[in-house]
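Chains, contacts and geometry: an overview
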Amino acid sequence: MAKKKESKQKKMNVRVDFTPMVDMMMLLITFFMLCTSLAKPQAMQLTMPAKQDAPKDQKEKSKTELTVDVYLLADNKIYTYIVDKAEKYGDPEYLEEVTWGTGKGSIRDKLVNYNPYKDAVAPIQAIMNAKKQLDAWVVAQPKTNKDVNDSIYEHALSWIRKGKLDVVSNNSLNKAKYDEYDRQSKDPNFVEDNDKLATTINVNIKPLDDSTYDNLVTILDEMAVCCIGTYRISNVNVDDLTLLSKKEGTGVQAPAAAAPAAP
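For clarity, every value in this text was computed on a predicted model and none was experimentally measured. (Residues numbered from 1 in each chain as written. Predicted model: local features only at pLDDT ≥ 70, side-chain atom pairs only at ≥ 80, totals over all residues. Heavy atoms only, no water.)

**Description of the overall build of the protein chain**
When helices and strands are tallied, the protein chain shows eight helices and seven strands. Per-residue burial over the protein chain gives 29% buried out of 263 residues. Partitioning the contacts of the protein chain with sequence separation of at least 6, the portion at a separation of at least 24 is 58%. Summed over its atoms, the accessible surface of the protein chain is roughly 18,600 Å², and 55% of this surface lies on carbon and sulfur atoms. (Helix = DSSP H or I, 4+ residues; strand = E, 2+ residues; numbered from the N terminus. Buried < 20%, exposed > 50% of the residue type's maximum accessible area, 1.4 Å probe, protein only. Contact = heavy atoms within 4.5 Å. Areas by Shrake-Rupley, 256 points an atom, 1.4 Å probe, with all protein chains shown as cover.)

**As for the sheet that holds strand S7 (residues 230-233)**
The five strands lie next to each other as S3-S2-S1-S6-S7, forming an open sheet whose pairing is mixed. Edge positions in the open sheet fall to strand S3 (95-98) and S7, since each of these has one partner strand only. Between one strand axis and the next, the sheet turns by 25 degrees as a mean value, whatever way the strands run. Direction of pairing for strand S6 (residues 202-207) relative to S7: parallel, over a ladder of four bridges. Residue Asn-202 lies in a different strand from S7, and its bridge partner there is Thr-230. Seen against the sheet, helix H7 (residues 213-225) touches strand S1 (67-72), strand S2 (78-81), S6 and S7 and runs at an angle of roughly 175 degrees to S6. Strands in contact with helix H8 (residues 238-246) are S1, S2, S3 and S6; relative to S1, the strand with the most contacts, it is inclined by about 75 degrees. (Pairing = 2+ DSSP bridges. Axes fitted to C-alpha atoms, helices over the stretch in contact; angles between N-to-C directions.)

**Brief notes about helix H5 (residues 146-161)**
In a regular helix each residue adds 1.5 Å, so 16 residues correspond to 22 Å; H5 covers 22 Å between its end C-alpha atoms and thus fits that length. Turning to H5, its buried residues are Asn-149, Ile-152, Tyr-153, Ala-156, Leu-157, Trp-159, Ile-160 and Arg-161. Gly-163 sits one or two positions beyond H5 and adopts a positive phi of about 110 degrees. (Expected span 1.5 Å × (residues − 1).)

**Thoughts on the side chain of Asn-115**
Within the secondary structure, Asn-115 is located in the loop between helix H3 (107-112) and helix H4 (123-140). From its side chain, Asn-115 meets the backbone nitrogen of Lys-118 in a polar contact 3.2 Å long. With sequence-adjacent residues up to four places away left out, Asn-115 is seen in contact with Val-121, Ala-122 and Pro-123. (Polar contact = N/O pair within 3.5 Å; in protein donor to acceptor, adjacent residues only side chain to side chain.)

**Re a nonpolar patch on the surface**
Together, Val-16, Phe-18, Met-21, Met-24, Met-25, Leu-28, Phe-31 and Phe-32 make up an exposed nonpolar region whose accessible area comes to about 830 Å². Mapping Met-24 onto the fold places it in helix H1 (residues 19-35). Its relative accessible area of 43% is what places Met-24 among the partly exposed residues. (Patch = residues over 30% accessible without salt bridge, like charges linked within 9 Å, V, L, I, M, F, W, Y side chains within 5 Å. Salt bridge = Lys/Arg side-chain N within 4 Å of Asp/Glu carboxyl O.)

**A look at the nonpolar core**
Core analysis: the largest hydrophobic core is formed by 23 residues, its most contacted members being Val-203, Ile-205 and Ile-219. Of all the secondary structure elements, the ones that give two or more residues to this core are S1, H3, H4, S6 and H7. Top element by residues in this core is H7. It accounts for four residues. The contact partners of Ile-219, leaving out residues within four places of it in the chain, are Val-70, Leu-72, Ile-78, Trp-100, Ile-107 and Ile-205. Counting residues in each nonpolar core, the second largest holds 17 residues, with Ala-130, Val-138, Ala-156 and Tyr-181 among its members. (Core = buried A, V, L, I, M, F, W, Y, C linked by side-chain atoms within 4.5 Å.)

**Focus on the pattern of salt bridges**
Following the criterion strictly, the structure yields 10 salt bridges and no others. When the shortest N-O distance is used, the salt bridge between Glu-192 and Lys-164 registers 3.0 Å. Within this pair, whereas Glu-192 is found in the loop between helix H6 (175-186) and S6, its partner Lys-164 is found in the loop between H5 and strand S4 (168-169), the two being separated by 28 residues in sequence. Overlapping salt bridges bring together Asp-166, Lys-177 and Glu-180 as one network.

**Observations concerning the packing of aromatic side chains**
For any pair of aromatic rings, geometry is given as the distance between the ring centres together with the angle between the planes. Summed over all chains, the structure comprises four aromatic pairs. One aromatic cluster is present, formed by Trp-159, Tyr-178 and Tyr-181 through successive ring pairs. (Phe/Tyr/Trp six-rings, centres within 6.5 Å; stacked < 30°, edge-to-face > 60°.)

**Points about the environment of Ile-160**
Examined against the element boundaries, Ile-160 turns out to sit in helix H5. Owing to a relative accessible area of 0%, Ile-160 belongs among the buried residues under this scheme. The spatial distance from the C-alpha of Ile-160 to the C-alpha of Gly-229 is 8.3 Å, given a sequence separation of 69 residues. With residues up to four places along the chain from it excluded, the contact list for Ile-160 reads Ile-127, Ala-130, Lys-131, Leu-134, Leu-165, Val-167 and Val-168.

**What about the packing of H4 against H5?**
Relative to each other, H4 and H5 sit at 170 degrees, their axes nearing to 10 Å. Classified by the interaxial angle, the pair formed by H4 and H5 is roughly antiparallel. Contacts between H4 and H5 involve Ile-127, Ala-130, Lys-131, Leu-134, Asp-135, Trp-137 and Val-138 from the former and Asn-149, Ile-152, Tyr-153, Ala-156, Leu-157, Ile-160 and Arg-161 from the latter. (Parallel < 35°, antiparallel > 145°, perpendicular 65-115°, else oblique.)

Spelled out as structure tokens, the structure:
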């Protein structure tokens, strides 16, 4: 009896072609790139000093009693230097070590309570009080118009930092003053009368090479908290090193004398 031949199934290679998926993925990526709302970049606002063509009396004031020099040293040390007359600059008596934080003897305490003209309220304290009133106003506003309110808030805050404290009153925005300052800011021919502005303090931040980046970020945060309108990060020069070397405890060495020129 003949054997029955067994049927053999033909094996086929199964392969899934993913090539069309590449086009699909590119379409999806393009779709999400065009339709997704990306987060706005967070940037630190820096307010730069006045232009070099400022009036002479304004320049003199910015160099004396209205200026606070802040030195950032190694080991988290921080010093302030305030003189009331330009001819006293260089005297280590006015160099004072302060601490980080908010307590008595801290950098914030020094800035907030510095009162060169013995006013009823210290300049920075007056500016911070005006900001609190502006904060109270924006919190009380309806959330439906948030973008407009935020824009008004930023403009008003910038004017407060410049010394225009009357833009707020009784924990509310002074609409008449806001509109006035808004018109002035859009007028290219407008000249600011500095005598009508509240007293403001300038801060020079001078980090030494052995200070830390964390200390620099912290002092910039203090500028924002204290609503300092004008501050800048300056390089430390020979005069600064000489001054710091005269103060016991800073650990700063006096700069070496320059070598005499070759004949």
